[in-house]
Amino acid sequence: MRIEGCEDAGGAVPLAQQDEWKDVTPLPQDDGENPICPIAYTDEYREAMDYLRAVMAQGEVSQRALALTTRVIETNPGHYTAWAYRKRLVEELAVDIGDELAWVSRISEMYPKNYQLWHHRESLVVRLLAPAEALRLTEDQRVAHPTIRRELQFLASAIDEESKNFHAWSYRQWLVAKYGLWAQEQAFVETMINQDVRNNSAWNQRYFVVVRGQDPSTVALDGALVQHEIAYAVENIKFAPNNESPWSYIIGLLLRHAPPALSAELLPRIAALAADDDYRLAMTTTPFYWSALVDIYEQQANAHPDRRAELLGQARAACDSLAAEHDLIRGNYWNYRKTTLI
């Protein structure tokens, strides 16, 4: 696969032979007199970098400098200095943002997990639509805005191509938080989980939406919301008991954002699943079930001092089951975890 317009191979005319660059003295890379491990750059890339160093040293802001960053980035998209210089050029030359986004999109087709292109995209979107301006609109209006709509479509395509693309999900979190797209994102992740209950990235995104989409000044979430989310996760455990994500989702909400008393309501839900003939085997043989019991019993012990000894005893018994049968590879950890239950 090749990016349209990329000239990182022998088809490019050497810069030294172009009249446009006659006034520039290339600045070679200084590796010292005896470099320990010199990198075998291609002649084309080495020349492009020599000229890029030269124009950067002079602080040049020009279309030819912009074109040079294109040449360098399309050859080495991880070159963060070239990206930083390009950002400055785009701003000072008033480059058409739509054209620049189209170029970044082409780069992302080839290198979808490149940090720099996603960061560059953020700066472009903010220039197109100031967050302060967008937040004066309703969420429906923001979602319908051409800039936001294009970004959501671009992200949906990137995630459809690779559902575990960390960079695309991180950028999506930035977009949602920056422009207040919480309701539409809740609907999006619910659709993603319904399509594939094992989509761990979607579970992570749901946690982000539920926690970050509330009042940022408080850690505790609304009790009804937590109950709803835990019930939702428990229901989805039925479809894939050995998938860690819904278990982690439950425990994360329970331990960080729920009142301790909620653990007493959660335990019967999980116990009912474990007792159901349709789910018993899958439930009771997954380490995530037993691990959840450890955390739930421990939290119950903290909430009910009068039953502390009994509840911690049950938590220790779950640790024993993990160490001896259900999670042998981490047996030493569970033996240690048992010692913390005092």
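What you see is a predicted model; the values in this text were computed from it and never measured.

A few points about the overall build of the protein
When you go through the protein residue by residue, the secondary structure sums to 18 helices and zero strands. The C-alpha atoms of the protein give 27 Å as radius of gyration, which overshoots the globular expectation for 342 residues (20 Å, by more than 25%). In terms of overall dimensions, the protein has a C-alpha envelope of 85 × 55 × 35 Å along the principal axes. Expressed as a percentage of its 342 residues, the buried residues of the protein come to 45%. A fraction of 65% describes how many contacts in the protein between residues 6 or more apart in sequence connect residues 24 or more apart. Only carbon and sulfur atoms are counted for the fraction: they give 52% of the accessible area of the protein, which is about 17800 Å². The positive charge centre, built from 33 side chains, and the negative charge centre, built from 48, are 4 Å apart in the protein.

Overview of the environment of Ile329
Here Ile329 lies in the loop between helix 17 (308-326) and helix 18 (331-339). Residue classification places Ile329 among the exposed residues on the basis of a relative accessible area of 80%. Each C-alpha atom, one on Ile329 and one on Val234, is 26 Å from the other, the two residues being 95 residues apart in sequence.

A short note on helix 12 (residues 223-237)
Each α-helix turn comprises 3.6 residues. Residues three or four places apart therefore point the same way. In this model, helix 12 (15 residues) spans 21 Å end to end at C-alpha, consistent with the 21 Å of a helix rising 1.5 Å per residue. All of the buried residues along helix 12 are Val226, Glu229, Ile230, Tyr232, Ala233, Val234, Asn236 and Ile237. In this fold, the buried residues of helix 12 make contact with helix 10 (182-195), helix 11 (200-212), helix 13 (244-257), helix 14 (262-275) and helix 15 (280-285). For helix 12, the N-terminal cap is Asp222; the gap from its side-chain oxygen to the backbone nitrogen of Ala224 is 3.1 Å.

Considering the packing of helix 2 (residues 63-75) against helix 3 (residues 80-92)
At a minimum axis separation of 10 Å, helix 2 and helix 3 run at an interaxial angle of 150°. Taken together, the axes of helix 2 and helix 3 are roughly antiparallel relative to one another. Crossing angle aside, the handedness with which helix 2 passes helix 3 is left-handed. Between helix 2 and helix 3, the residues in contact are Ala65, Leu66, Thr69, Thr70, Val72 and Ile73 and Ala82, Trp83, Tyr85, Arg86, Leu89 and Val90, respectively. Along the lines of polarity and charge, the residues of the contact of helix 2 with helix 3 split into nine nonpolar, two polar and one charged.

Reading the values: rules and limits
Residues numbered from 1 in each chain as written. Predicted model: local features only at pLDDT ≥ 70, side-chain atom pairs only at ≥ 80, totals over all residues. Heavy atoms only, no water. Helix = DSSP H or I, 4+ residues; strand = E, 2+ residues; numbered from the N terminus. Rg over C-alpha atoms; globule rule 2.2 N^0.38 Å. Buried < 20%, exposed > 50% of the residue type's maximum accessible area, 1.4 Å probe, protein only. Contact = heavy atoms within 4.5 Å. Areas by Shrake-Rupley, 256 points an atom, 1.4 Å probe, with all protein chains shown as cover. Lys, Arg positive; Asp, Glu negative; His and termini not counted. Charge placed at Lys NZ, Arg CZ, Asp CG, Glu CD. Expected span 1.5 Å × (residues − 1). Polar contact = N/O pair within 3.5 Å; in protein donor to acceptor, adjacent residues only side chain to side chain. Axes fitted to C-alpha atoms, helices over the stretch in contact; angles between N-to-C directions. Parallel < 35°, antiparallel > 145°, perpendicular 65-115°, else oblique. Left-handed = near helix turned anticlockwise from the far one by under 90°. Nonpolar A, V, L, I, M, F, W, Y, C, P; charged D, E, K, R; others polar.

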